[in-house]
Amino acid sequence: MTFRQFASSNVLRNKRTYAAYFLCSAFSVMIFFICTLFIYHPELRQQIFYPVVVQAMAGAALIMYVFSFFFVLYSVGAFMNTRKREFGILLMHGMTDRQLSNMLFLENMIIGVSAIATGIVSGIITGKLFLMAGSAFLGISPLPFRLPAGALGLTAASYAVLFIIISLCIPWLLRSKKLIDLVQSGQPLRPEPGASRGLSVLAVVLLLLGYGLAATSTASTLTYRMVPVTLITIAGTYLFYTQLGVKLVGRIARSRPFAWKQTNLISLAGLHYRLRDHAQLFSIVTVVLAISFCSVGVFVSIPVLSKQFEEDFPAAVGYMSKEGSSLDAAHLSEISQELGSRSIPFEALTLPIKYVQAQPSRADSQPGHLLTLMSYSDYKQAVLMSGQPLIDEPPAREEALVLVASQNDRTYLRGRKLTSHVLTSGLTLQETRYTKHVAVPEYLLPDLEDEHISGLVVHDEVFAELSHTLQTDLYTGFYVEDYRQTEALVPELAPGGSVRYTEGLPYALTVSGTLYSMRDSLYSILLFAALLVGTVFFIAAGSFLYFRLYANLDADQRHYATLSRLGITDSEFSRIVTGQLALLFFVPIGLAIVHSIFAFIALQSYFYLSIAAEMGVVLVSFLMMQVVYFFFIRSQYLRKLRKSMV
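The model shown is predicted, which means the values in this text are computed figures rather than measured ones.

(A) Inspection of the overall build of the chain at higher detail. Counting secondary structure elements, the chain contains 23 helices and 10 strands. Burial status across the chain gives 50% buried among its 646 residues. Counting only contacts in the chain whose residues sit at least 6 apart along the sequence, the fraction spanning at least 24 positions is 83%. Approximately 29800 Å² of the chain is accessible, and the part contributed by carbon and sulfur atoms is 62%.

Here's what the structure looks like:
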């Protein structure tokens, strides 16, 4: 037998243990390859949203690649721990350290090359299905299957480098192990697991602190709380398994009324050892599952923003002509002609927008800020033309309604205090409430000091009396029955669907149909990418549990064979194994769901509309998949254990 044949036989002999690692690696390669198919697809390059597709798929591929590196590194380290005694025996029989390093390198490269080949072939076989699914998400006709050389080369080269680096690192992980430690690794001394009361309390404090910060987050605090809350929760999760869990199991085991009931004593025996030994695994699985839930949940929830798109862009086409511009007549004529050429009936409304210099009435505030004003009558006309019911009552002479920039900005306005402004004419305007509608899209107005409002709606007489203005612009809105009919309207005037006021041109323009198409494509491709990444994370979490379970299969077979000789019945045997497997599977997913619920509560502070339904669908779907996976693994594991029963 040659050295290569020896390494190959080692892989085949341990195929049961390596199965989940191999399949998850191959699946990661396949998803990476699918992402590159979208990036290099020639037909997609002709679509207006192609840059969005590239960014989303490149991001998904990068996340997958980085995660694959750490997944492979952890998996290989876990497998090495199960084979330490084998390595010790080989060294005792004359194998040199260099030969051991070469053997491990060859074994991992055999698995790596096989995973790369399997992943690419699987990607080629299923590529058409993924392209059809991606086309459905993007709302375009099904993409034909293409096999670009760039996709093949990038996938093969990227994962070849990954497996080579991991394979070169493997011998370094074993270099510090003494021969006696390797030989005795199969039956190590196992001191009684201890748990610190202080660290157990700290676990509870960290988790409650993380949950509290998440639950009390607002749209303005969410950004800078995100990283600290994540780190606090991860630390609390690790201490939960290593300290609090061990302490709770120990206390339950000492409770005679519960522990001495039926087979509970056998189920609890050694459970604190399992918690301590698998604490790192449980922590990783919990974090990976929580990331999977959140990544999919976030992008499933984001399309909720599309529901308020029509409110944020009330006119199908909005045009703002800046004071002094000579292009407005030609541009408005071009828009009208193109709407007419498409046989789209429309109504137009033109109204003035005034800008004044103002300052808050408080003496300690900074003076001299820009303020956008429109009259209540113009606001009323714009709302009614958009087909929305008018709810706002007119303000009094010295009052003003705050014009919201976007419906989603209401989440930021919850903590904003209504203030008053002093105009250069000496008139003081007191903010009384926020408007229920967006009259003019924020893209068509200049940025104010307070970025979450567009300006003020004032009394008609006050608006008419304003003489000391900085500038007066004219807004024209074109209103149609279905704004989506305006997709790709006047592309030469509004590339990408908009020209913002701040771009420095003599006009600003929004085409709702184009903007909606771009935004919908962005959300759809992000959701598609999140589903791919989330699926890989979920499968990886299951793989962690699988190879940890099968790594201990021989010891479990000896344990249950002994119990069989002592007279344990088949139903009792099934109940014990089911209970221990349920702990292994559902404690991490249960804690991950709790983490995700509080993460979604924090995310809700960013959305004006409720995302509870989308959250529930994601969590229930993942839980159902975990239940199916649990029963599949349970049946397979019971079947293997019964082979050792008397």
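Next comes the rest of the write-up.
(B) Empty space enclosed by the protein, seen in detail. Throughout the structure, instances matching the rule amount to three cavities of 30 Å³ or more. By volume, the second largest cavity is sized at about 110 Å³. Taken together, Tyr 18, Tyr 21, Val 76, Phe 79, Met 80, Arg 83, Phe 87, Leu 104, Glu 107, Asn 108, Ile 111 and Ile 170 make up the lining of the second largest cavity. For the lining of the second largest cavity, the secondary-structure elements that each account for two or more residues are α2 (15–39), α3 (50–82) and α5 (97–138). No other element matches α5, which puts four residues into the lining of the second largest cavity.

(C) Quick look at the layout of surface pockets. Taken as a whole, the second largest pocket holds about 830 Å³ of empty space. Residue lining of the second largest pocket: 30 residues in total, with Met 226, Thr 230, Cys 294, Val 298 and Ala 599 positioned closest to the centre. Of all the secondary-structure elements, those providing two or more residues to the lining of the second largest pocket are α8 (197–215), α9 (222–253), α13 (279–301) and α22 (570–604). Examining the composition of the lining of the second largest pocket, we find that nine residues originate from one element, α9, more than from any other. Broken down by class, the residue content of the lining of the second largest pocket amounts to 21 nonpolar, eight polar and one charged.

(D) Highlighting the packing of aromatic side chains. Applying the stated criterion to the full structure yields 25 aromatic pairs. Between Phe 67 and Phe 71, the ring centres sit 6.2 Å apart and the planes meet at 25°, which makes this aromatic pair stacked. Linking Phe 67 with Phe 71, this pair stays in helix α3, spanning four residues, or about one helical turn. Residue classification places Phe 67 among the buried residues on the basis of a relative accessible area of 14%. Where Phe 630 meets Phe 631, the ring centres are 5.2 Å apart and the plane angle is 70°; that geometry is what we call edge-to-face. Under the relative-accessibility criterion, Phe 630 is labelled buried at 4%. Accessibility expressed as a relative area gives 47% for Phe 631, which makes it partly exposed. One aromatic cluster is present, formed by Phe 309, Phe 313, Tyr 443, Tyr 483 and Tyr 516 through successive ring pairs. Lys 354 extends its terminal NZ or CZ atom over the ring of Phe 463, reaching a point 4.5 Å from the ring centre. Cation over ring: Arg 500 sits above Tyr 443, and NZ or CZ is 3.8 Å from the ring centre.

(E) Quick look at the packing of α13 against α22. Running from N to C, α13 and α22 point in directions that differ by 40°, and their axes come no closer than 8 Å. In this view, α13 runs oblique relative to α22, as classed from their interaxial angle. Viewed along their axes, α13 and α22 form a crossing whose handedness is right-handed. Touching Phe 282, Val 285, Thr 286, Leu 289, Ala 290, Phe 293, Cys 294, Gly 297 and Val 298 of α13 are Leu 584, Pro 588, Ile 589, Leu 591, Ala 592, Ile 593, His 595, Ser 596, Ala 599, Phe 600 and Leu 603, all from α22. When its residues are assigned to classes, the contact of α13 with α22 shows 16 nonpolar, four polar and no charged.

(F) Seen up close, the side chain of Asn 108. As for its placement among the helices and strands, Asn 108 is situated in helix α5. What makes Asn 108 buried here is its relative accessible area of 4%. When near neighbours in sequence (up to four residues on either side) are disregarded, Asn 108 contacts Tyr 21, Val 76, Phe 163, Ile 166, Ser 167 and Ile 170.

(G) Here's a closer look at the nonpolar core. Grouped together as the largest cluster of nonpolar side chains are 112 residues, with contacts concentrated most on Tyr 21, Ile 31, Phe 38, Leu 44 and Phe 163. Among the elements that line this core, the one with the most residues is α2, at 16 residues. The contact partners of Phe 163, leaving out residues within four places of it in the chain, are Tyr 21, Ser 25, Val 72, Asn 108, Met 109, Gly 112, Ala 115 and Ile 116.

(H) Up close: unusual backbone geometry. If you check the backbone angles, Ser 343 has positive phi at about 60° while not being a glycine. Checked against the element boundaries, Ser 343 lands in the loop between α16 (328–341) and β2 (347–360). Notably, Val 490 is not glycine yet its phi reads approximately 35°, a positive angle. Relative to the elements of secondary structure, Val 490 occurs in the loop between β8 (471–479) and β9 (498–499). According to the relative accessible area criterion, Val 490 is buried, its value standing at 0%.

(I) View of the pattern of salt bridges. Enumeration according to the criterion identifies seven salt bridges in this entry. Two residues, Glu 43 and Arg 146, come together in a salt bridge whose shortest N-O distance is 3.1 Å. Here Glu 43, found in the loop between α2 and α3, pairs with Arg 146, found in the loop between α5 and α6 (149–174); they are 103 residues apart in sequence, far enough to count as distant. One network of salt bridges, with partners in common, ties together Arg 397, Glu 461 and Glu 465.

(J) Main features of helix α23 (residues 612–642). For α23, with 31 residues, the first-to-last C-alpha span of 44 Å sits near the 45 Å given by 1.5 Å per residue. Every buried residue belonging to α23 is among Glu 614, Met 615, Val 618, Leu 619, Phe 622, Gln 626, Phe 630, Ile 633, Tyr 637, Leu 638, Lys 640 and Leu 641, and all of these are buried.

(K) Molecular detail of the pairing of strand β1 (residues 317–321). With five of five residues buried, β1 lies mostly within the body of the structure. Burial of the side chains of β1 extends over both faces: Val 317, Tyr 319 and Ser 321 are buried on one face and Gly 318 and Met 320 on the other. One ladder, built from five bridges, connects β1 with β8; its direction is antiparallel. Of the residues in β8, the one forming a bridge with Gly 318 is Gly 477.

Conventions and cut-offs
Residues numbered from 1 in each chain as written. Predicted model: local features only at pLDDT ≥ 70, side-chain atom pairs only at ≥ 80, totals over all residues. Heavy atoms only, no water. Helix = DSSP H or I, 4+ residues; strand = E, 2+ residues; numbered from the N terminus. Buried < 20%, exposed > 50% of the residue type's maximum accessible area, 1.4 Å probe, protein only. Contact = heavy atoms within 4.5 Å. Areas by Shrake-Rupley, 256 points an atom, 1.4 Å probe, with all protein chains shown as cover. 1 Å grid on protein atoms, 1.4 Å probe; cavity = no way out; pocket = protein on both sides within 12 Å on 5 of 7 lines; lining within 4 Å. Points joined across faces, edges and corners; volume = space filled by probe spheres on them. Nonpolar A, V, L, I, M, F, W, Y, C, P; charged D, E, K, R; others polar. Phe/Tyr/Trp six-rings, centres within 6.5 Å; stacked < 30°, edge-to-face > 60°. Lys NZ or Arg CZ within 6 Å of the ring centre and 35° of its normal. Axes fitted to C-alpha atoms, helices over the stretch in contact; angles between N-to-C directions. Parallel < 35°, antiparallel > 145°, perpendicular 65-115°, else oblique. Left-handed = near helix turned anticlockwise from the far one by under 90°. Core = buried A, V, L, I, M, F, W, Y, C linked by side-chain atoms within 4.5 Å. Salt bridge = Lys/Arg side-chain N within 4 Å of Asp/Glu carboxyl O. Expected span 1.5 Å × (residues − 1). Pairing = 2+ DSSP bridges.

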